[in-house]
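Structure at a glance
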Amino acid sequence: MSAEGSPRVLVIRRDNIGDLVCTTPLIAALRQRFPRGYIAALVNSYNRDVLAGSPRLDAVFAYTKAKHRAEGETLVGAYANRIRVFLALRRLRFDYAVLAVPHFQPHALRFARAAGARRFVGFVDDPGEAGIDLAVQYGAGGSLHEVEDVFRLGAPLGAVGDPPRAEVFADAGSVARVRAALTAMTAGPTIAVHISARKPSQRWAMENFASAMRALHRQCRARFVLLWAPGDENNPRHPGDDGKVKELLAGLNGIPVLAWPTAQLSELIAALAASDAVLCADGGAMHLAAALGKPIACLFGDSSPARWRPWGVPHEVLQAPSRNVADVPAGEAVAAVRRLLATA
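These notes cover the structure that comes with them. (Residues numbered from 1 in each chain as written. Predicted model: local features only at pLDDT ≥ 70, side-chain atom pairs only at ≥ 80, totals over all residues. Heavy atoms only, no water.)

Comments concerning the environment of alanine 114
As for its placement among the helices and strands, alanine 114 is situated in helix H4 (residues 106-114). A relative accessible area of 29% places alanine 114 in the partly exposed class. The sequence separation of alanine 114 and arginine 90 amounts to 24 residues, and the corresponding C-alpha distance is 7.5 Å. Apart from the residues lying within four places of it in its own chain, the contact partners of alanine 114 are Phe86 and Arg90. (Helix = DSSP H or I, 4+ residues; strand = E, 2+ residues; numbered from the N terminus. Buried < 20%, exposed > 50% of the residue type's maximum accessible area, 1.4 Å probe, protein only. Contact = heavy atoms within 4.5 Å.)

Structural notes on helix H9 (residues 265-273)
Burial analysis of H9 places 7 of its 9 residues in the buried class, the great majority of the element. For H9, the complete set of buried residues consists of Leu265, Leu268, Ile269, Ala270, Ala271, Leu272 and Ala273.

Comments concerning the sheet that holds strand E11 (residues 296-300)
The strands that make up a sheet pair up through hydrogen bonds in the backbone, lying either parallel or antiparallel. Across the sheet, which stays open at both edges, the 6 strands sit in the order E9-E8-E7-E10-E11-E12 with parallel pairing between neighbours. Each edge of the sheet is formed by a strand with only one pairing partner; in this case those strands are strand E9 (257-261) and strand E12 (315-319). Going across the sheet, the axis of each strand differs from the next one's by a mean of 15°, ignoring polarity. In this structure, strand E7 (residues 190-194) lies alongside strand E10 (residues 277-281), joined through 3 bridges in parallel fashion. Of the residues in E10, the one forming a bridge with alanine 192 is valine 278. In this fold helix H8 (residues 242-250) packs onto strand E8 (223-228) and E9, with an angle of close to 160° to the strand it touches most, E8. Taken strand by strand, helix H10 (residues 284-291) contacts E7, E10 and E11, and its axis lies near 155° from that of E11. (Pairing = 2+ DSSP bridges. Axes fitted to C-alpha atoms, helices over the stretch in contact; angles between N-to-C directions.)

Brief notes about the pattern of salt bridges
By the definition in use, this model includes 14 salt bridges. Residue aspartate 241 is joined to lysine 244 by a salt bridge in which the shortest nitrogen-to-oxygen separation is 3.8 Å. Among the residues examined, lysine 244 registers a relative accessible area of 26% and is labelled partly exposed. Linking arginine 323 and aspartate 302 is a salt bridge whose minimum nitrogen-to-oxygen distance equals 3.0 Å. Taken together, the residues span a long stretch of sequence, with arginine 323 in the loop between E12 and helix H12 (330-343) and aspartate 302 in the loop between E11 and helix H11 (305-308) at a distance of 21 residues. Counted as one network, the salt bridges with shared partners bring together Arg13, Asp15, Asp19, Glu146, Asp149, Arg152 and Arg307. (Salt bridge = Lys/Arg side-chain N within 4 Å of Asp/Glu carboxyl O.)

Some details on the sheet that holds strand E4 (residues 96-99)
Spatial ordering of the open sheet is given by E3-E2-E1-E4-E5-E6, a layout of 6 strands whose pairing is parallel. Looking at the sheet topology across the chains shown, the edges are occupied by strand E3 (59-63) and strand E6 (134-137). When the angles between neighbouring strand axes are averaged without regard to direction, this sheet yields 20°. Judged from the 4 bridges that link them, strand E1 (residues 8-12) and E4 form a sheet pairing that is parallel. In the strand pairing of E4, leucine 10 is matched with alanine 97. Its contacts with the sheet put helix H2 (residues 24-33) on E1, strand E2 (38-44) and E4, and the angle it makes with E1 is roughly 175°.

Take a look at the structure:
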């Protein structure tokens, strides 16, 4: 360890948006444990904005996965940039790399080695898993929330206790732009409605969204920020929901709706921050909303609320016995949002 209890620690989380959000309590605990340490994160270009503006980190390093590279960016260019990232990491001479990934993942360990870290903290599935010298048994956290589970990786470095709330920091200017756009609408609680979902079992029909929004406007004069992944549904690299939005808006005549496509993750974070409550499916937007302290009515399909529910905020889980979001009645979502608004 570096002198005076100030080690250099690299936290690696290279998967989805929600997973990285669920890692922010661990990052906060590491900063509390090492207030004079150098703490950085290695993420990917897709989820990087989750950590934008975080006061817990000295630096955020991001590489681009092949499937996430921008239009016009070649595969060779993406890999060349990755090499530059790892060369920069090696110059920092990290004492520890924390592999904040589920199970033992050899690929994550290769990333930690490429970054030049001296020691590795990570989960193992079997005792003596090759390469992890500060090991945490993965299966022991099987009944925990994702936040609680990944938080256990702080123990070998002395970061212990109860996990704090997840945190995301919205850009103030971006939030102001959303709020300025809302001022043209009638006053009332602002509900963010996020319609996109990666898994088919988490997708709600547009008529359900329309029915819920009409009822909430009628019953509590709600206004809405409509959020979705922009683009064509047939785009093989970045499928979007522009077509569904047209269908939804056609059924919302007279309802105050601010349509806010989120081409950038920072735009989604800002819109959620400007809202009073959120209606969405289990996924990245749900975890971002929780990290922003928003009450959430969350539509769960074939995933475990015990493992993936919103962490640390008022919420109501809406899950049908079929474990398919399509079978959740719109009335249940309306009632859940109203209860959450009443207690906010």
